[in-house]
Amino acid sequence: MPPLVLDNFPSTPGKVKLERSNYFGRMAHRWQTSSLTSPLFWLCGLASLAVVLLLVLNSIDGYNVVHIGSTWGGAQWEKQVRLSAHPKRSENKVVLVTGAAGFVGMHVSLALKKRGDGVVGLDNFNNYYDPSLKRARRKVVESHGIFIVEGDINDAALLSKLFHMISFTHVMHLAAQAGVRYAMKNPSSYVHSNIAGLVTLLETCKSAEPQPAIVWASSSSVYGLNTKVPFSELDRTDRPASLYAATKKAGEEITHTYNHIYGLSITGLRFFTVYGPWGRPDMAYFSFTRDILAGKPITVYQGPKQIDLARDFTYIDDIVKGCLGSLDTAKKSTGSGGKKKGHAQYRIFNLGNTSPVTVPNLVSILEKLLKVKAKVNIVAMPGNGDVPFTHANISLAHKEFGYQPTTDLHAGLKKFVRWYLNFYGASADGVSRL
Ligand SMILES: NC(=O)c1ccc[n+]([C@@H]2O[C@H](COP(=O)([O-])OP(=O)(O)OC[C@H]3O[C@@H](n4cnc5c(N)ncnc54)[C@H](O)[C@@H]3O)[C@@H](O)[C@H]2O)c1
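Criteria and thresholds
Residues numbered from 1 in each chain as written. Predicted model: local features only at pLDDT ≥ 70, side-chain atom pairs only at ≥ 80, totals over all residues. UniProt positions renumbered as here; feature names shortened; annotations may be inferred. Near = placed C-beta within 6 Å. Helix = DSSP H or I, 4+ residues; strand = E, 2+ residues; numbered from the N terminus. Nonpolar A, V, L, I, M, F, W, Y, C, P; charged D, E, K, R; others polar. Axes fitted to C-alpha atoms, helices over the stretch in contact; angles between N-to-C directions. Parallel < 35°, antiparallel > 145°, perpendicular 65-115°, else oblique. Left-handed = near helix turned anticlockwise from the far one by under 90°. Contact = placed C-beta atoms within 7 Å. Buried ≥ 20, exposed ≤ 12 C-beta atoms within 10 Å, placed from the backbone. Pairing = 2+ DSSP bridges.

Per an unreviewed UniProt entry, the chain goes by UDP-glucuronate 4-epimerase and derives from Ceratopteris richardii. Of the comments in the UniProt record for the chain, the one headed Catalytic activity (unreviewed entry) reads "UDP-alpha-D-glucuronate = UDP-alpha-D-galacturonate". As stated in UniProt under Subcellular location (unreviewed entry), the record for the chain gives "Golgi apparatus, Golgi stack membrane".

Here is the structure:
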């Protein structure tokens, strides 16, 4: 597993600092005087002209070219997108799922396709965690007829192309820079995906005809330093403990603005620590499993006054039901021609499990399932963005679309461990078969 410290994005995308020096000045002068006579000069000039022409053609709506420096575009690509978007019946939805190669995105895409919805995925396959896991997820969804476009939600041309080709009824927006602690290492990646990317997506949706209804992933982390439990949607969310939480909170404000001005129907979902098969390697239940099997010590944090940390772990199938319930109860957007034509729905729901489990308890469940004793180092929680506990009140989602989680942590981890051993080829006693 590669370390999670790869800086994927420049802090100011698109800006390159040029260094000037006398050396470069002299070189430029020499080049100017000698190159006009060189055949290479004319060759380069012609190539540049061709590139400019291609870029101009690219900007013309409907023109079919492969985009320079990206992997989308072309007749074959369009065919795959259209096929994937095709719903089984006319009453089925047509959904753009961003982050479709991610953990939640994969499961939601499969569930939508299974019931007959048309699904197009979008993911940039970044290397925040091992991209080969994302590519393995892609293999699975593709085997069910779902095409994942490889691209970034900041690519306005790509989004506009997709919306010109397909009348998406809904967008399930799950693409984001996840992870709380990584925000201290690579803050700009959070701004890039969770703020700039979100705005680019909303700009496209606002101008789309018809406007889609949008359901997107916020996070329980917006409850930040709150101490009143369980967390309710009515509680304050203005004390984030991490930049990740702050960008999710900003997302809630930004989506509200687009709902208010442009009539986009928006539903924000505050997920609580989602786990399960095909999960994220940066999350504790996943890395604990890996390290326990490898005989490596694991670090368990304790809160102030040596209180055990606790999380409202929520099994992926329950989250998927919540996502589908939200999509099914989302009202249509009301805007047209980029303008609001009437009041549009704006909702926020907690999707949790309602029964927090302490981290030492999580470890002992894993020990039993893996049949290996963990080597545990207990240390005080550093101030790196983590919060001591999370606990969801889910009555709003229950009332609106019958959301009712059914999987407890033991049953869910059993399914995760089975998947893990199968996928990574390790046996329950920790001996790798690969
Ligand atoms: N898993 C959880 O416990 C949890 C909890 C709360 C909120 N969430 C939110 O749920 C959503 C899904 O989370 P996940 O656990 O599946 O994470 P994930 O990292 O597995 O999935 C996110 C996917 O989005 C893609 N992506 C990131 N930035 C992108 C960009 N700019 N353009 C295109 N694709 C991009 C990534 O490559 C990744 O495949 C995220 O918005 C996350 O913040 C997750």
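**Description of the site of the ligand**
Neighbouring residues of the ligand: 27 residues in total, closest G99, G102, F103, A176 and A217. Only α4 (103-114) and α7 (187-207) provide two or more residues apiece to the shell around the ligand. Take the shell around the ligand: its biggest share by element is three residues, from α4. In terms of residue class, the shell around the ligand is made up of twelve nonpolar, eleven polar and four charged.

**What about the packing of α4 against helix α10 (residues 316-329)?**
Taken N-terminus to C-terminus, the directions of α4 and α10 make an angle of 60 degrees; their axes are 10 Å apart at the nearest point. Overall, the two elements α4 and α10 adopt an arrangement that is oblique. The two elements α4 and α10 cross, and the hand of that crossing is right-handed. Contacts between α4 and α10 involve V104, H107, V108 and A111 from the former and I316, I319, V320, C323 and L324 from the latter. Among the residues forming the contact of α4 with α10, the class breakdown is eight nonpolar, one polar and no charged.

**Brief notes about the pairing of strand β4 (residues 170-173)**
The two faces of β4 match: H170 and M172 on one face and V171 and H173 on the other face are all buried. The sheet contact formed by strand β1 (residues 94-98) and β4 spans four bridges and is parallel. Considered in β4, the bridge of T98 is made with H173. The pairing of β4 with strand β5 (residues 213-217) spans four bridges and is classified as parallel. Bridge pairing in β5 links M172 to V215.

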